[in-house]
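Architecture and fold: a report
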Amino acid sequence: MAAGRARRAASGTVRAVAPAQPVAWMLLGSALLGTGVALLIRADIGLAPYDVFLSSIADRAGVTHGQAGWLVAGTLMLLAAALGRRPRLTTLLFVLANGVAIDVALPVIQEPSVIATRGAFAGSGMALIATGVALVVHSGGTGGAFELIIAAMRDRGLRPVPVRTTMELTMFGTGIVLGGAAGPMTLVFAVGFGPLVLVIDRALDDHRTGRALRLTSIDPVSVPDPRPASSGSGVER
């Protein structure tokens, strides 16, 4: 009986803090994303495909990288709203936090002069972005404006993966044409980013399941996964 009361008390504690936890995970993920993007920019050996497009917009519009992200995300959100998918407050917060994190981190991080340091910056940046994406997915968030467009297309009977692939390739190709900051790291990112996110996400899932078991002493099979089904491993900003 005492054990049962302890489990119920533990469960009540989890429910009490649960509403704040997803926002905290998302904000931490956004901070890591912004720092990772800043490291890649300073490494100057190629950005992630999405950031290749943002860098071309930033250069031509005379804005910061974070502000370019807001411009692109805002445009996509308006399109999604016209298609019947309005952004939620968490989506707006996610996009805003990403831009702020990038623009705050960039002035702090200095561009390295040694090629080995550039490689370390790029590798660390990719790892931070993957961790940030995994944290956002782990929080139950659906990411940014890309996900709204994909949801709108799904409403119209289109499959998410082809829609995402088409959008990503279109943005990447446009970024190349407009002189975006592509390089060797862009290829490394395109090939290795998805698997890296899955590895980190699995580690977070294992941690969440283990913590739930410690607090409630229930079978792992019955631990619910609060996250929505994802159409892919990427979370565009």
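Residues numbered from 1 in each chain as written. Predicted model: local features only at pLDDT ≥ 70, side-chain atom pairs only at ≥ 80, totals over all residues. Heavy atoms only, no water.

1. Focus: the confidence of the model for the chain
Should pLDDT be low for a region, the predicted coordinates there are not to be read in detail. This prediction gives the chain a mean pLDDT of 82; 78% of its residues lie at or above 70. Segment residues 1-17 is flagged for pLDDT under 50; beyond a separation of four residues in sequence, or across chains, it makes six contacts in the model. Note on residues 219-223: pLDDT under 50 across the span, and seven contacts to partners over four residues away in sequence or across chains. (pLDDT = per-residue confidence, 0-100. Contact = heavy atoms within 4.5 Å.)

2. Brief notes about the environment of Ala73
When you line up the elements, Ala73 lands in helix α4 (residues 65-82). Expressed as a C-alpha distance, the spacing of Ala73 and Leu92, which sit 19 residues apart in the sequence, is 9.2 Å. (Helix = DSSP H or I, 4+ residues; strand = E, 2+ residues; numbered from the N terminus.)

3. Observations regarding the nonpolar core
Side chains that are nonpolar tend, in soluble globular proteins, to be buried together. Formed by 50 residues in total, the largest nonpolar core has its most connected members in Ile129 and Phe193. Those elements that place two or more of their residues in this core are α2 (20-43), α3 (49-61), α4, α5 (89-108), α6 (115-138), α7 (145-155), α8 (160-177) and α9 (184-216). When residues in this core are grouped by element, the largest group, 10 residues, is from α6. Apart from residues lying up to four places away in sequence, Ile129 is in contact with Leu32, Leu33, Gly36, Val37, Leu40, Phe189 and Phe193. (Core = buried A, V, L, I, M, F, W, Y, C linked by side-chain atoms within 4.5 Å. Buried < 20%, exposed > 50% of the residue type's maximum accessible area, 1.4 Å probe, protein only.)

4. Comments concerning the packing of aromatic side chains
With the rule as written, the count across this model stands at two aromatic pairs. A centroid spacing of 5.7 Å and a plane angle of 85° characterise the contact between Tyr50 and Phe146, whose relative ring orientation is edge-to-face. Here Tyr50, found in helix α3, pairs with Phe146, found in helix α7; they are 96 residues apart in sequence, far enough to count as distant. You can call Tyr50 buried: its relative accessible area is 10%. On the basis of an interplanar angle of 15° and a centroid distance of 4.4 Å, the ring pair of Phe189 and Phe193 is categorised as stacked. (Phe/Tyr/Trp six-rings, centres within 6.5 Å; stacked < 30°, edge-to-face > 60°.)

5. Comments concerning α8
Compared with the 26 Å implied by 1.5 Å per residue over 18 residues, the 26 Å span of α8 between its first and last C-alpha is a close match. Summarising the contacts, the buried residues of α8 are in contact with α3, α4 and α7. One or two steps after α8, the chain reaches Gly179, where phi turns positive at roughly 85°. (Expected span 1.5 Å × (residues − 1).)

6. A look at the pattern of salt bridges
Scanning the entire structure with this criterion turns up four salt bridges. Taking the shortest distance from any N to any O, the salt bridge between Asp155 and Arg85 comes out at 2.9 Å. Of this pair, Asp155 sits in helix α7 while Arg85 sits in the loop between α4 and α5, and the two are 70 residues apart along the sequence. Residue Arg164 is joined to Glu168 by a salt bridge in which the shortest nitrogen-to-oxygen separation is 3.8 Å. Here Glu168 and Arg164 lie together in helix α8, a separation of four residues that amounts to about one turn. What makes Arg164 buried here is its relative accessible area of 6%. What you see here is one network of salt bridges that share partners, running through Glu147, Arg164 and Glu168. (Salt bridge = Lys/Arg side-chain N within 4 Å of Asp/Glu carboxyl O.)

7. Some thoughts on the packing of α3 against α4
Two elements in contact, α3 and α4, have axes separated by 8 Å at closest approach and are oriented at 100°. Overall, the two elements α3 and α4 adopt an arrangement that is roughly perpendicular. Residues Tyr50, Asp51, Phe53, Leu54, Ser55, Ile57 and Ala58 of α3 lie in contact with α4, whose contacting residues are His65, Ala68, Gly69 and Val72. Looking at the contact of α3 with α4 residue by residue, the class counts come to seven nonpolar, three polar and one charged. (Axes fitted to C-alpha atoms, helices over the stretch in contact; angles between N-to-C directions. Parallel < 35°, antiparallel > 145°, perpendicular 65-115°, else oblique. Nonpolar A, V, L, I, M, F, W, Y, C, P; charged D, E, K, R; others polar.)

8. Structural notes on the side chain of Thr186
Turning to its location among the elements, Thr186 is positioned in helix α9. A relative accessible area of 4% means that Thr186 is categorised as buried. Side-chain polar atoms of Thr186 contact the backbone oxygen of Leu47, separated by 2.7 Å. Contact partners of Thr186, with chain neighbours within four places excluded, come to Gly46, Leu47, Pro49, Val52, Phe172 and Ala181. (Polar contact = N/O pair within 3.5 Å; in protein donor to acceptor, adjacent residues only side chain to side chain.)

9. So, the side chain of Glu147
In this structure, Glu147 sits in helix α7. Within polar-contact distance, the side chain of Glu147 engages the side chain of Arg164 at 2.3 Å.

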